[in-house]
Amino acid sequence: MDAKFNDERYLTFALGKGRLANKTLEILEKIGITCEEMKDKSSRKLIFVNEELKMKFFLAKGPDVPTYVELGSADVGVVGYDTVLEENRNVYEVLDLGFGKCRMCVCGPESAKELLRHHERIRVASKYPNIAKDYFYNKKHQTVDIIKLNGSVELGPLVSLSDVIVDIVETGSTLKENGLQVLEEVCPLSARMIVNPVSMQMEKARIRDLVLRIREYLDSEKA
Amino acid sequence: MNQRLLHTPEGVRDIYGKEYARKLSIEQKLHSLIAGYGYEDIQTPTFEYFDVFSREIGTIPSKELYKFFDKEGNTLALRPDFTPSMARCAAKYFMEEKHPIRFVYQGNTFINTSNLQGKLKEVTQMGAELINDSSVEADGEIIALIVESLKAVGLKEFQVSIGMVEYFKGLCQEAGLDEETEMDLRACISGKNFFAAQELLMERNVSDPYREILLKVADLFNSMTSFEDAKRLVNNERSLSAIERLEKLDAVLKLYGVEKYVSYDLGMLSKYNYYTGVIFKAYTYGVGNAIITGGRYNTLLSRFGKDAPAVGFAIVIDDLMEALSRQQGPLPDIHEVKAMYYDADKDGDFARALKEAQMLRSNGQKVALLAKVDGEGKE
């Protein structure tokens, strides 16, 4: 049922910089897709190519990955689910890669628990204003003031910038050290593979093959 | 100098020179092709009452419409797409008409999207609507037109995906899903979000044979590669007749000779309830979204008081231009203007040049008159 043309085209991957990219490359290597160029840490190249498989890879800042994929500059992207939710771009989410597991939570001092029980107007600090807004408005039906911060969000309640925060929680140790705790869970998070809708149609055979092989590998890991 | 005077607002732009010449030539090619199938031109206003594009009818969220008020306080909106206007016109002027009505339209549409995402807020669309015809031949004509349009402007690699919402709807009915679950599942599947669909079906306790089958529809990477496979999965009239309709459509498309550009995707569901039968999208390299979208909408016209089936498509000309220039490289120079020089200081030379120029113009040449400046004008 698929139309077939263009074997010469590169399949381009946008990977979220850091741990996510390393872990993704590990998985790709397990299913036989390697990129030797990328292992050279001293390289200043921005785009890495595997000529044999006709694949290109580049690293991008997490929140930019859905942008590259939506606009078609990359066919496939790997990024955290937090970013997928926050950016809310028109992309297909095809795989849960299973690593990078953590949770998006509402956190604050114990005393803030009470504030979440009523529909009181409170201040929420977050790096993820869209996720925070969606959670409070559409799930909790609570009107809140959202303050966008760019990092060290835990400071919010400590310096009375906000009543609570919405942030990623991995182990919770930063929270504990600062006298904060998880008050509510918004959603679980993990790394996701996203695909451009046009690429999905135009490169269906290659992308299907890729996804099926990764799925198979992930299932064998689980078992 | 006021800098603001020079800039255009974000999301809109000037189109001129070679690019505009190409745009006009593309529009002209598409238009003459569609008109060749008997489609009549129609022009509707750039803005209409907001209600025409409201949530129940339109496909664009209300917050992304450009809205304003007239002097009586009515809310008006710039059109975000043409289909509602076409439906309104058909209902208003052709209320009694029983025969097929064919419209071709072209114009700019306006969507107030977010800034800084590389998206245009004003784009040109051209499209065709075939109203009062519920036949599979009508579906075939529209899809063949899509393929022919893309070929006419010189695209070589493209693909038209065809989906059928009814198959999924029949399946949901058979499985006894409530409306909310159906809508949620639809959102997951249209986003090709397989595991969200999986989670949803678990959560809502959908019983087993159906969980598996619905997941197969959701799974883009499934093994459902033929109409026969798709039929085997279901046991309800609605889904079966959906597949039969696709089989008939496939036969019509073969008659048009366009089957090699077409593929079927039962997991292609529009987020909107607007479409009632086939839906289709055309994709090509070089742009991040579908350049043509369309489908059958048999209930939309009844919102305007005329109970009539319809099918149609819209091409986003700006996206098509981008795909063409990405695939074919820089634009060729199609601006062949001859310069006709005259010496302004010499008596009677302008009259001579004008006469020559008029002569050439009447033969179809493009000629611009230019006064000679020292050192110029040797052609």
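Residues numbered from 1 in each chain as written. Chains lettered and ligands numbered in written order. Predicted model: local features only at pLDDT ≥ 70, side-chain atom pairs only at ≥ 80, totals over all residues.

Regarding the interface of chain B and chain A
Thinking step 1. At the junction of the two partners, chain B supplies 21 residues and chain A supplies 22 residues.
Thinking step 2. Listing elements by their share of the side of chain B that touches chain A, those giving two or more residues are strand E7 (158-164), helix H6 (194-203) and strand E8 (262-264) of chain B. (Contact = placed C-beta atoms within 7 Å. Helix = DSSP H or I, 4+ residues; strand = E, 2+ residues; numbered from the N terminus.)

Notes on the pairing of strand E5 (residues 101-110) of chain B
All names here are of chain B.
Thinking step 1. In this sheet, E5 lies alongside strand E1 (residues 40-41) in parallel orientation, the contact comprising two bridges. Looking at the pairing, Asp-41 lines up with Val-104 of E5.
Thinking step 2. Note that E5 and strand E6 (residues 122-131) share ten bridges and pair antiparallel. Bridge assignment links Gln-106 to a residue of E6, and that residue is Met-126. (Pairing = 2+ DSSP bridges.)

Focus on the nonpolar core
Inside soluble globular proteins, nonpolar side chains tend to come together where they are buried.
Thinking step 1. Residues Val-166 of chain A together with Ile-143 and Ile-146 of chain B are the most contacted members of the largest nonpolar core, which totals 144 residues.
Thinking step 2. Tallying contributions element by element places helix H3 (residues 136-152) of chain B first for this core, with nine residues.
Thinking step 3. Not counting chain neighbours up to four residues away, the residues in contact with Ile-143 of chain B comprise Val-160, Ile-162, Leu-253, Val-262 and Phe-280 of chain B.
Thinking step 4. Judged by nonpolar contacts, the second largest core, of seven residues, contains Phe-53, Leu-65, Ala-77 and Phe-110 of chain B. (Core = buried A, V, L, I, M, F, W, Y, C linked by C-beta atoms within 7 Å. Buried ≥ 20, exposed ≤ 12 C-beta atoms within 10 Å, placed from the backbone.)

Quick word on helix H1 (residues 17-35) of chain B
Thinking step 1. Compared with an ideal rise of 1.5 Å per residue, which puts 19 residues at 27 Å, H1 of chain B spans 27 Å between its outermost C-alpha atoms and is within 8% of the ideal.
Thinking step 2. In this structure, the buried residues of H1 of chain B make contact with E5, E6, H3, strand E11 (310-316) and helix H10 (317-328) of chain B. (Expected span 1.5 Å × (residues − 1).)

Points about the domain arrangement of chain B
Thinking step 1. Split by domain assignment, chain B resolves into domain 1 (9-328) and domain 2 (337-371).
Thinking step 2. Distance between the C-alpha centres of domain 1 of chain B and domain 2 of chain B: 50 Å. (Domains from an automatic or database assignment.)

A look at the sheet that holds strand E9 (residues 164-169) of chain A
Residue and element names in this part refer to chain A.
Thinking step 1. Pairing within the open sheet is mixed, and its five strands lie in the order E8-E7-E9-E6-E10. Two strands in the sheet have a free side with no partner beyond their single neighbour: strand E8 (144-148) and strand E10 (181-189). Strand-to-strand twist across the sheet, computed as the mean angle between neighbouring axes with direction ignored, equals 25°.
Thinking step 2. For strand E7 (residues 122-126) and E9, the ladder comprises three bridges, and the chain directions are parallel. Following the sheet pairing, Val-124 is matched in E9 by Val-164.
Thinking step 3. Here helix H5 (residues 129-139) sits on the sheet in contact with strand E6 (102-108), E7, E8, E9 and E10, set at roughly 170° to E8. (Axes fitted to C-alpha atoms, helices over the stretch in contact; angles between N-to-C directions.)

A short note on the sheet that holds strand E2 (residues 47-49) of chain B
Residue and element names in this part refer to chain B.
Thinking step 1. One open sheet accounts for three strands, arranged E2-E4-E3; its pairing is antiparallel. Looking at strand neighbours, the two that pair on one side only are E2 and strand E3 (67-69), the edges of this open sheet. Going from strand to strand, the sheet's axes swing by 35° on average, the running direction of each strand aside.
Thinking step 2. With three bridges joining them, E2 and strand E4 (residues 75-78) adopt antiparallel strand pairing. What sits directly across from Glu-48, in E4, is Ala-77.

A word on the packing of H1 of chain B against H10 of chain B
All names here are of chain B.
Thinking step 1. It is the contact of H1 with H10, at a shortest axis distance of 11 Å, that shows an interaxial angle of 115°. Judged by the angle between their axes, H1 and H10 are roughly perpendicular. Two packed elements cross with a definite hand, and for H1 against H10 that hand is right-handed. Facing H1, whose interface residues are Arg-22, Lys-23, Ile-26 and Glu-27, H10 presents Ile-317, Leu-320 and Met-321.
Thinking step 2. The residue inventory of the contact of H1 with H10, partitioned by class, reads four nonpolar, no polar and three charged. (Parallel < 35°, antiparallel > 145°, perpendicular 65-115°, else oblique. Left-handed = near helix turned anticlockwise from the far one by under 90°. Nonpolar A, V, L, I, M, F, W, Y, C, P; charged D, E, K, R; others polar.)

A look at the pairing of strand E3 (residues 55-60) of chain A
All names here are of chain A.
Thinking step 1. Across six bridges, strand E1 (residues 11-16) lies against E3 in parallel orientation. Within the sheet, the bridge partner assigned to Gly-16 lies in E3 and is Ala-60.
Thinking step 2. With four bridges joining them, strand E2 (residues 47-50) and E3 adopt antiparallel strand pairing. In the strand pairing of E3, Asn-50 is matched with Met-55.
Thinking step 3. A loop of four residues connects E2 with E3, the two strands running antiparallel in sequence, and Lys-54 in this loop sits at a positive phi of about 55°.

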